[in-house]
Amino acid sequence: MQRGWKAAAMVVVLGGAGAASAHEFTCEKRIHVKGEGSSGGGEGPRVTRFPATLRFQYKVKNIHPKSESVANSVEAPLLEPYGFRSPFSTPLAVGVGKAYEGTFEVTLDSLDACQALAASDGKADGNFDSPLRVKWALGETQCAARVSCCEPFVDCELACPEDDPDCVEPGSPGAVGASRNAGFFKVHEQALGQCLALGRIDLGVARVESLEQALGLLWASPGLDRNGAVRGEADARRFELAREALVSSCNERLFGADAKRGRALDEALRALRTSGGEDAERLSTELRRHNEAGTREPLPQGFDAGKATPAHAASLAVDPTEPGRP
């Protein structure tokens with residue numbers, strides 16, 4: 001039996017908090033199979049001997065430069081049926097530059113038990129990520145590390161299941177290149193500036209021509225317009241689509257685009273430039289998946305993204321959306 005390796009594995013990301021939030025977290029996750037090695041985000045251990053005890057190690061860190069951050073909840077939905085309880089008491093107040101660490105263990109008696117856990121994420125591919133979700137008042141961040149359930153002496157990364165069109169085999173011609181998500185671009189002003197240096201980006205709800213406008217789209221709340229008024233549900237969905245389209249445009253300009261990502265971006269831009277927004281939620285999900293797919297890949301040689309400057313980036317942000325634009 002051979003199992004596929006998903007190209008869209010989840011990685012540590014920054015949360016999508018609005019500029020008004022006084023909280024900001026990152027989380028890290030490592031998985032240790034007792035008696036074997038451990039792994040951080042992205043590639044994880046392949047479990048081939050049973051019973052196997054998986055030890056999940058979590059670290060939640062406050063990255064706000066000036067203020068204490070408070071997490072209202074810490075969840076791992078995939079592990080809840082296995083007795084998961086947050087290793088952190090919530091609400092969790094974390095001081096500037098501080099972090100908290102915790103652990104959780106699961107014992108899997110057999111390959112079938114491992115594959116049952118893997119299938120609980122909705123895909124019977126033999127892999128699971130069990131993301132940890134850290135939520136605060138205006139944002140959320142997630143981190144995950146992959147575990148693969150394998151038969152002994154079988155390399156379960158070699159082949160993709162026939163019924164999984166999104167699976168990409170390592171080293172294959174269809175493998176994705178580098179990409180970065182909204183959390184990356186919202187704090188890396190230099191990378192975002194290099195993207196905009198190649199010309200403005202027309203996103204239907206906004207024409208993004210400056211660094212301040214791009215940061216505004218990445219930092220602003222989808223639920224509130226630039227005047228503080230509540231956006232309607234359709235407008236909020238279009239805003240979220242515009243944000244992912246901006247990120248995808250920068251991924252394409254800076255790192256190149258695989259065929260699937262290019263087609264998804266074209267469709268999203270067409271939807272944003274017309275009055276129709278019926279597919280906004282679906283397109284946002286698809287673009288977000290493509291934007292996250294290559295976050296484990298190294299940036300092209302010679303590309304300098306600059307330092308992460310979250311506080312300064314947030315201070316520059318100016319929401320560019322124009323109410324009433326198609």
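Going by the structure above, here's the rest.
Throughout what follows, the structure given in this document is the object of discussion.

Conventions used here
- Residues numbered from 1 in each chain as written.
- Predicted model: local features only at pLDDT ≥ 70, side-chain atom pairs only at ≥ 80, totals over all residues.
- Heavy atoms only, no water.
- Helix = DSSP H or I, 4+ residues; strand = E, 2+ residues; numbered from the N terminus.
- Expected span 1.5 Å × (residues − 1).
- Buried < 20%, exposed > 50% of the residue type's maximum accessible area, 1.4 Å probe, protein only.
- Pairing = 2+ DSSP bridges.
- Arc of directions from axis to C-beta.
- Contact = heavy atoms within 4.5 Å.

1. Describing helix α7 (residues 280–293)
Right, on to step 1. For α7, spanning 14 residues, the distance from its first C-alpha to its last is 20 Å, which sits close to the expected 20 Å at 1.5 Å a residue.
Right, on to step 2. Burial in α7 covers these residues: Ala-280, Leu-283, Ser-284, Leu-287, His-290, Asn-291, Glu-292 and Ala-293.

2. Some remarks on the pairing of strand β10 (residues 132–136)
Right, on to step 1. The alternating pattern of β10 places Leu-132, Val-134 and Trp-136 on a buried face, while none of Arg-133 and Lys-135, on the opposite face, is buried.
Right, on to step 2. Bridge count for strand β6 (residues 73–75) against β10 is 3 bridges, and the pairing is antiparallel. Residue Glu-75 lies in a different strand from β10, and its bridge partner there is Arg-133.
Right, on to step 3. Sheet topology places β10 next to strand β11 (residues 139–143); 5 bridges connect them, and they run antiparallel. Along β11, the bridge assignment pairs Leu-132 with Cys-143.

3. As for helix α1 (residues 111–119)
Right, on to step 1. Looking only at α1, the buried set comprises Leu-111, Cys-114, Gln-115, Leu-117 and Ala-118. One side of α1 holds all its buried residues, which, seen down the axis, span an arc of 155 degrees.
Right, on to step 2. Its buried side turned inward, α1 meets β8 (99–108), β9 (127–128) and β12 (147–149).

4. A word on the sheet that holds strand β3 (residues 46–47)
Right, on to step 1. Reading across the sheet, the 3 strands line up as β3-β12-β9 and stay open at both edges, with mixed pairing between neighbours. What marks the edges here is a single partner per strand, and that holds for β3 and β9.
Right, on to step 2. Relative to β12, β9 runs antiparallel, the two being bridged by 2 bridges. Bridge pairing in β12 links Phe-128 to Val-147.

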